[in-house]
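# Analysis of the macromolecular model
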Amino acid sequence: MSDAEPVLHRGRVTTPDGAGASAALVFVASGTASTPEIAIRCDADGWFRLALPPGRFVIEARAPDGRTGKVEVTTGAVAQELAVAVD
Amino acid sequence: MKLESITKPDTESDIPLPKAVETLVTQAPVEPTPLPDTVKRRVVVGKSSTPIELPADTGLEAVLGADERTRIVSTELYPWKLICALDIEAPWGRAIGTGWLVGPRTLITAGHCVYDRKQLGGWAHKITVTSGRDRERAPFGSKVSARFSTLSPWLERQDADFDIAAIHLEQAFFTDQEVFRVGSFTDAELTDFLVNVSGYPASPGNGMELYWAKNRIKAVTPRRIFYDVDTSGGQSGGPSYIFPDENAHPIVVGIHAYGLGGTPASIGLRVNSAPRIIPEVVEKIQEWIAADAATG
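Calculation notes
- Residues numbered from 1 in each chain as written.
- Chains lettered and ligands numbered in written order.
- Predicted model: local features only at pLDDT ≥ 70, side-chain atom pairs only at ≥ 80, totals over all residues.
- Helix = DSSP H or I, 4+ residues; strand = E, 2+ residues; numbered from the N terminus.
- Contact = placed C-beta atoms within 7 Å.
- Expected span 1.5 Å × (residues − 1).
- Pairing = 2+ DSSP bridges.
- Axes fitted to C-alpha atoms, helices over the stretch in contact; angles between N-to-C directions.
- Nonpolar A, V, L, I, M, F, W, Y, C, P; charged D, E, K, R; others polar.
- Core = buried A, V, L, I, M, F, W, Y, C linked by C-beta atoms within 7 Å.
- Buried ≥ 20, exposed ≤ 12 C-beta atoms within 10 Å, placed from the backbone.

By the naming in an unreviewed UniProt entry, chain B goes by Serine protease and is assigned to Bosea caraganae.

What follows is about the overall build of chain B. The number of helices and strands found in chain B is four helices and 18 strands. Partitioning the intrachain contacts of chain B with sequence separation of at least 6 by distance along the chain shows that 71% fall at a separation of at least 24.

Taking 1.5 Å of rise per residue, the 16 residues of helix H4 (residues 279–294) of chain B would be expected to cover 22 Å, and the 23 Å separating its terminal C-alpha atoms lies within 8% of that figure. Check the buried side of H4(B) and you find it contacts strand S4 (93–103), strand S5 (106–109), strand S10 (147–150), strand S11 (165–168) and strand S12 (181–184) of chain B.

Residue and element names in this part refer to chain A. Ordered by their spatial adjacency, three strands build an open sheet running S4-S1-S7, and the pairing between neighbours is mixed. A single partner strand is all that each edge strand has here, and the edge strands are strand S4 (47–52) and strand S7 (81–85). Going across the sheet, the axis of each strand differs from the next one's by a mean of 35°, ignoring polarity. One ladder, built from five bridges, connects strand S1 (residues 7–14) with S7; its direction is parallel. Looking at S7, one finds that glycine 11 is bridged to leucine 82.

Interface size, as often reported, equals the accessible area lost upon joining of the parts. Taken together, the contact between chain B and chain A spans 34 residues of the former and 30 residues of the latter. Of the residues that constitute the side of chain B that touches chain A, the class distribution is 13 nonpolar, 18 polar and three charged. The sheet contact formed by strand S3 (residues 39–41) of chain A and S4(B) spans three bridges and is antiparallel. Paired with A:Ile40 across the two strands is B:Ala95, which belongs to S4(B).

What follows concerns the pairing of strand S5 (residues 55–62) of chain A. The side chains of a regular strand alternate, residue by residue, between the two faces of the sheet. All names here are of chain A. Bridge count between strand S2 (residues 25–31) and S5: six bridges; the pairing is antiparallel. By the bridge assignment for S5, valine 26 is matched with alanine 61. Two strands pair when backbone bridges link them, and S5 and strand S6 (residues 68–75) are joined in this way by eight bridges, in the antiparallel orientation. Within S6, the position partnered with arginine 56 by the bridge is threonine 74. Here S5 folds back onto S6 in antiparallel fashion, the turn holding five residues, of which glycine 66 has a positive phi close to 95°.

A:Val26 and B:Trp100 are the most contacted members of the largest nonpolar core, which totals 94 residues. Setting aside its immediate chain neighbours within four residues, A:Val26 contacts A:Val13, A:Ala39, A:Ile40, A:Cys42, A:Phe48, A:Leu50, A:Ile59, A:Ala61 and A:Val84.

Here it is as structure tokens:
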């Protein structure tokens, strides 16, 4: 298991029209380091914060209407902005 | 490659030496509630040494082969009704997780569902607990709690081996006849036990549907159990439980907390894992149950 400290990243889930996906759930679907299996709920504009250790991860989002999307990201020691589109 | 020098700190390690794992199971005050026939047909009981074929490791599988989770619709039945959907409100936002009843007014969940310095911004403000939730249906209602406990290794250093917490309820969902037991078992006793894992994932179900999956305990370390069971975000805190026989109480042996990735090389597998119930954890859970009962 990786002992590297997680870094808090900010991100946004968007719908096909570019709007934020309010109340979408975001979670780590898989990765190269162990992460808690909690799911984070986006705010009303689709924004979320997600703590990740350095590594490669597939981040998945599910909007309340059932639309899903995912993105593969590589994280390091610096916070970055994550973007997940649901369609 | 840049190397860093690490000097041994002046303070001695505060990581406790593991006790020899012994069999210790919380005692039920009454005979177990008989399992309904529909549940008996579903859950796995006892042990099996049948080898399990793992998928090829591509490094980033989303699930372990085909997703074998089953949605449980009859959530009003024992023991499904003991598993609760959690809606967590914390300083840095909201999240979902899973908990389960170990006492009439005591839920157990993952430590990171009540306190996470990096993800939640500290302690949760409050958690809404819905027992046996199935979509909009809440057959036993919901209860809100703002009283939580966790273990010192989790609070102080986010030690994943102690990622365990309690949610204390003001009112009971059920009697002490219908709660999970927790058990600490030796390595030999645990290995090859068939394990049931249940929880409220974000996908599928939006954290509003109960899913269940089964497989076999693949490996154990002094403070973890490892199994290849399909799970995903939202199932943190769910019970990993065994049935010694079909007439026994379900016994939780681990608190599901971590998905694929980062499994120690010594395990030699890509599997998910749970902090293991060890004797010290059984004792702490018994204290939490007794304290909640005393404040009733």
